[in-house]
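Descriptive analysis of the structure
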Amino acid sequence: MTEPLIDTAAAARAYELDRAHVFHSWSAQARIDPMVVSAARGSYVWDGEGTRYLDFSSQLVNTNIGHQHPRVVEAIKAQADRLCTIAPQHVNDQRSEAARLICELTPGALDKVFFTNGGADAIEHAVRMARLHTGRYKVLSAYRSYHGGTSTAINLTGDPRRWPNDYGAAGTVHFFGPFPYRSPFHSSSPEEETERALRHLEEVIAFEGPDSFAAIVLESVPGTAGIMPPPPGYLAGVRALADRYGIVFVADEVMAGFGRTGRWFAIERDGVVPDLMTFAKGVNSGYVPLGGVALGDRIADTFAERPFPGGLTYSGHPLATAAAVATINVMKDEGVVENADLIGETVLGPGLRELAERHPCVGEVRGMGVFWALDLVGDRATKEPLAPYGGTSAAMTELVAACKAGGMIPMTNYHRLHVVPPCTISADEAREGLETLDKALTVADRHTVDG
């Protein structure tokens with residue numbers, strides 16, 4: 001790979017202007033030292049000083065086809081030459097083709113797409129559709145979840161970022177989803193976890209009023225909250241409960257979709273068809289902001305003669321949908337989904353489990369495709385997390401520093417290290433990442449009872 005030329009002076013100026021004028025998300029502004037990224041190609045990025053890093057974060061788990069894929073970049077350029085923007089009430093060929101391609105991939109008969117600018121507003125509009133379709137207001141979501149930063153989405157979110165944004169007026173009701181490693185139900189098997197989690201969910205519905213719920217919003221595989229593949233039968237059980245009580249089942253595939261789990265959509269693995277499905281991120285690898293809601297006739301027909309009261313100026317933006325068309329075609333032509341599945345089965349899965357055998361800080365390895373998490377602990381026997389819920393620790397800070405020193409951009413959240421490289425990553429690149437993790441985890445081992 002030819003190293004890109006980095007203008008270090010320009011990078012320094014960019015950093016100076018950033019710190020003077022950019023207000024960063026989810027951060028205490030005086031406590032951050034953001035990294036300048038001056039170039040990116042494939043699975044790698046270069047900082048402002050020309051240092052190369054293996055991107056084991058896919059940025060925010062969205063560059064599924066890697067950085068700067070030439071076919072997608074060219075599609076964006078070509079579309080910019082033809083038509084940069086158009087109002088959403090008009091027909092645009094790239095929006096139409098993107099919708100067709102997405103509907104070919106969605107499960108069941110989800111044959112229509114409402115385009116948004118990203119995942120959070122996809123959730124917002126999916127919930128709005130469900131409320132108007134059912135005439136109900138309350139919405140169920142799991143405690144271990146993340147659904148976005150806008151008003152409804154952040155209230156649906158279960159993690160601590162909701163707390164300062166929650167005024168108790170959003171109509172959201174949270175429940176415990178299945179999580180065998182840290183089971184809230186004291187289960188002894190995946191089957192028992194499924195049975196008890198579904199019983200708990202039905203009790204919540206009963207106590208909150210079955211006729212009050214418009215929707216249940218559930219990540220097919222919770223991502224930011226810990227990459228926790230649901231145990232067998234759970235999603236099918238949720239589907240059955242939704243049907244029993246007339247609740248719209250919204251599958252959040254914003255992070256898990258478009259190849260991340262080794263399938264086009266994670267929910268395929270369970271053979272379950274939701275009523276609505278949200279997507280974003282991997283639909284065009286984040287090259288231009290895009291998200292959407294896939295829906296079938298049952299809910300779409302609600303708005304056949306009744307206007308849907310929602311919309312966005314940039315819904316189905318030509319540059320974004322041109323990038324989506326190119327991305328989906330690249331993924332088909334180059335076997336990107338199949339590669340993600342193969343890398344998970346043959347390199348990442350076995351490699352991470354080997355690391356767990358050597359490092360006492362690894363309590364559990366879980367995941368699939370290129371969507372994995374290491375649950376890091378100070379004591380395997382007690383499963384004491386290596387950082388508190390909603391916080392960090394010296395151990396995690398040192399682990400991140402060790403990864404970067406080894407030439408890798410990691411993704412961590414509280415006490416977890418997420419292994420989420422691009423779906424296009426090669427076996428050699430994945431092994432390179434595992435070698436870096438092997439060295440970095442020795443730092444975390446020192447913070448364990450066995451260290």
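For every chain, the first residue of its written sequence is number 1, and the numbers climb from 1 along that sequence. Residue-level local features of this predicted model are given only where pLDDT is at least 70; pairs of side-chain atoms are given and counted only at 80 or more, and the full residue set underlies all totals for whole chains, interfaces and linings. Side-chain measures here rest on the full set of heavy atoms in the structure, leaving out hydrogens and waters.

Details of the overall build of the protein
From N to C terminus, the protein includes 13 helices and 16 strands. Its C-alpha atoms give the protein a radius of gyration of 22 Å, within 12% of the compact-globule value 22 Å for 451 residues. Considered along the principal axes of its C-alpha atoms, the protein spans approximately 60 × 60 × 45 Å. Only protein chains enter the accessibility calculation, which uses a 1.4 Å probe; a residue is then buried when its area is under 20% of its type maximum, exposed when over 50%, and partly exposed in between. When each of the 451 residues of the protein is scored for burial, the buried share is 55%. Taking contacts inside the protein between residues at least 6 apart in sequence as the whole, the part at least 24 apart equals 72%. Under the convention used here, a 1.4 Å probe and the Shrake-Rupley method define accessible areas, while residue burial counts only the protein chains that appear. Carbon and sulfur atoms make up 53% of the accessible area of the protein, which amounts to about 18,900 Å² in all. This count recognises Lys and Arg as positive and Asp and Glu as negative, with His and chain-terminal groups excluded. Charge positions are represented by NZ for Lys, CZ for Arg, CG for Asp and CD for Glu. Within the protein, the 55 negative side-chain charges are centred at a point lying 2 Å from the centre of the 40 positive side-chain charges. Secondary structure elements are defined from DSSP: runs of H or I of at least 4 residues count as helices, runs of E of at least 2 residues count as strands, and each element is numbered from the N terminus. We compute the radius of gyration from the C-alpha atoms alone; for a globule the expected value is 2.2 Å times N to the 0.38, where N is the number of residues. Residue contacts are defined here by distance: any two heavy atoms, one from each residue, within 4.5 Å place the two residues in contact.

Remarks on the pattern of salt bridges
Definition used for salt bridges: Asp or Glu carboxyl oxygen within 4 Å of a side-chain nitrogen of Lys or Arg. This structure, assessed with the given rule, holds 24 salt bridges. Between R196 and E192 there is a salt bridge whose closest N-O contact spans 3.1 Å. Taken together, the residues span about one helical turn, with R196 and E192 both in helix α7 (residues 190–208) at a distance of 4 residues. Among the residues examined, E192 registers a relative accessible area of 23% and is labelled partly exposed.

A look at the sheet that holds strand β1 (residues 37–41)
By this definition, two strands are paired if DSSP reports at least two bridges between them. On the basis of which strands lie adjacent, the open sheet formed by 4 strands has the order β1-β2-β3-β14 and mixed pairing. With partners counted over all chains shown, the strands left at the sheet margins are β1 and β14 (408–409), one partner each. Note that β1 and strand β2 (residues 44–47) share 4 bridges and pair antiparallel. For A39, the partnering residue across the bridge sits in β2 and is W46.

Concerning the packing of helix α12 (residues 394–405) against helix α13 (residues 427–445)
One way to put it is that α12 packs onto α13 with a least axis distance of 8 Å and a crossing angle of 150 degrees. With respect to their mutual orientation, α12 and α13 come out roughly antiparallel. The handedness of the crossing between α12 and α13 is right-handed. When α12 is examined against α13, the residues E398, L399, A402 and C403 are found in contact with a partner set consisting of T436, L437, A440, L441 and V443. Only Asp, Glu, Lys and Arg are considered charged, only Ala, Val, Leu, Ile, Met, Phe, Trp, Tyr, Cys and Pro nonpolar, and every remaining residue, Gly among them, polar. Tallied by class, the residues present in the contact of α12 with α13 amount to 7 nonpolar, 1 polar and 1 charged. Axes here refer to lines fitted to C-alpha atoms; in helices the fit is confined to the stretch in contact. Angles between the N-to-C directions go from 0 to 180 degrees. Comment on the angle field: the value is read as roughly parallel under 35 degrees, roughly antiparallel over 145, roughly perpendicular from 65 to 115, and oblique elsewhere. The hand of a helix crossing depends on one turn: near helix anticlockwise from the far one by less than a right angle means left-handed, and clockwise means right-handed.

Side note on the sheet that holds strand β5 (residues 138–142)
Pairing is mixed across the open sheet formed by 7 strands, whose spatial order is β4-β10-β9-β8-β7-β5-β6. Edge positions in the open sheet fall to β4 (112–116) and β6 (172–175), since each of these has one partner strand only. Ignoring which end each strand starts from, the neighbouring axes of this sheet average 20 degrees apart. The pairing of strand β8 (residues 248–252) with strand β9 (residues 276–279) spans 3 bridges and is parallel. Across the sheet, D252 pairs through a bridge with T278, a residue of β9.

Some thoughts on the side chain of H69
Relative to the helices and strands, H69 is located in the loop between α2 (58–61) and α3 (70–82). Setting aside anything within four residues of it in sequence, one finds H69 in contact with Y287, V330 and E334.

With respect to the nonpolar core
Ranked by internal contacts, the top residues of the largest apolar core, which has 92 residues, are L140, F258 and L376. Remark: nonpolar core denotes a set of buried residues (Ala, Val, Leu, Ile, Met, Phe, Trp, Tyr, Cys) joined through side-chain atoms within 4.5 Å. A153, A215, V250 and I299 belong to the second-largest nonpolar core, a separate cluster that totals 22 residues.

As for the pairing of strand β12 (residues 371–379)
On any regular strand, side chains alternate: one points to one face of the sheet, the next to the other face. For β12, a buried count of 9 out of 9 residues is recorded, marking the element as mostly surrounded by other parts of the structure. In this structure, strand β11 (residues 362–368) lies alongside β12, joined through 6 bridges in antiparallel fashion. Following the sheet pairing, M368 is matched in β12 by F371. What sits between β11 and β12 in their antiparallel hairpin is a turn of 2 residues, with G369 showing a positive phi close to 55 degrees. Note: β12 against strand β13 (residues 384–385), 2 bridges, orientation antiparallel.

Quick look at the environment of S25
Relative to the assigned elements, S25 resides in the loop between α1 (8–21) and β1. Classification of S25 by relative accessible area gives exposed; the value is 55%. For the pair S25 and L132, spaced 107 residues apart in sequence, the C-alpha separation works out to 32 Å.

Regarding the packing of aromatic side chains
A pair of aromatic rings is counted whenever rings of Phe, Tyr or Trp (Trp by its six-membered ring) have centres within 6.5 Å, and the orientation is called stacked for planes under 30 degrees apart, edge-to-face for over 60 and tilted otherwise. Taken as a whole and assessed by the stated rule, the structure comprises 9 aromatic pairs. A ring pair is formed by W26 and Y146, whose centres lie 6.4 Å apart and whose planes are at 80 degrees; its orientation type is edge-to-face. In this pair, W26 is assigned in the loop between α1 and β1 and Y146 in the loop between β5 and α6 (151–156), connecting sequence segments 120 residues apart. Ring geometry for F258 and F279: centres 6.0 Å apart, planes at 65 degrees, overall edge-to-face. Taken together, the residues span a long stretch of sequence, with F258 in the loop between β8 and β9 and F279 in strand β9 at a distance of 21 residues. For the pair F258 and F279, one class covers both residues: buried. One aromatic cluster is present, formed by F258, W264, F265 and F279 through successive ring pairs. Two conditions define a charge sitting above a ring: the NZ of Lys or the CZ of Arg must be within 6 Å of the ring centre, and it must be within 35 degrees of the ring normal. One cation-aromatic arrangement involves K138 over F213; the distance from NZ or CZ to the ring centre is 5.9 Å. Its guanidinium or amino end placed over the ring of W26, R161 lies 5.0 Å from that ring's centre, counting from NZ or CZ.

Treat this as a map of the structure, not an account of what it does.
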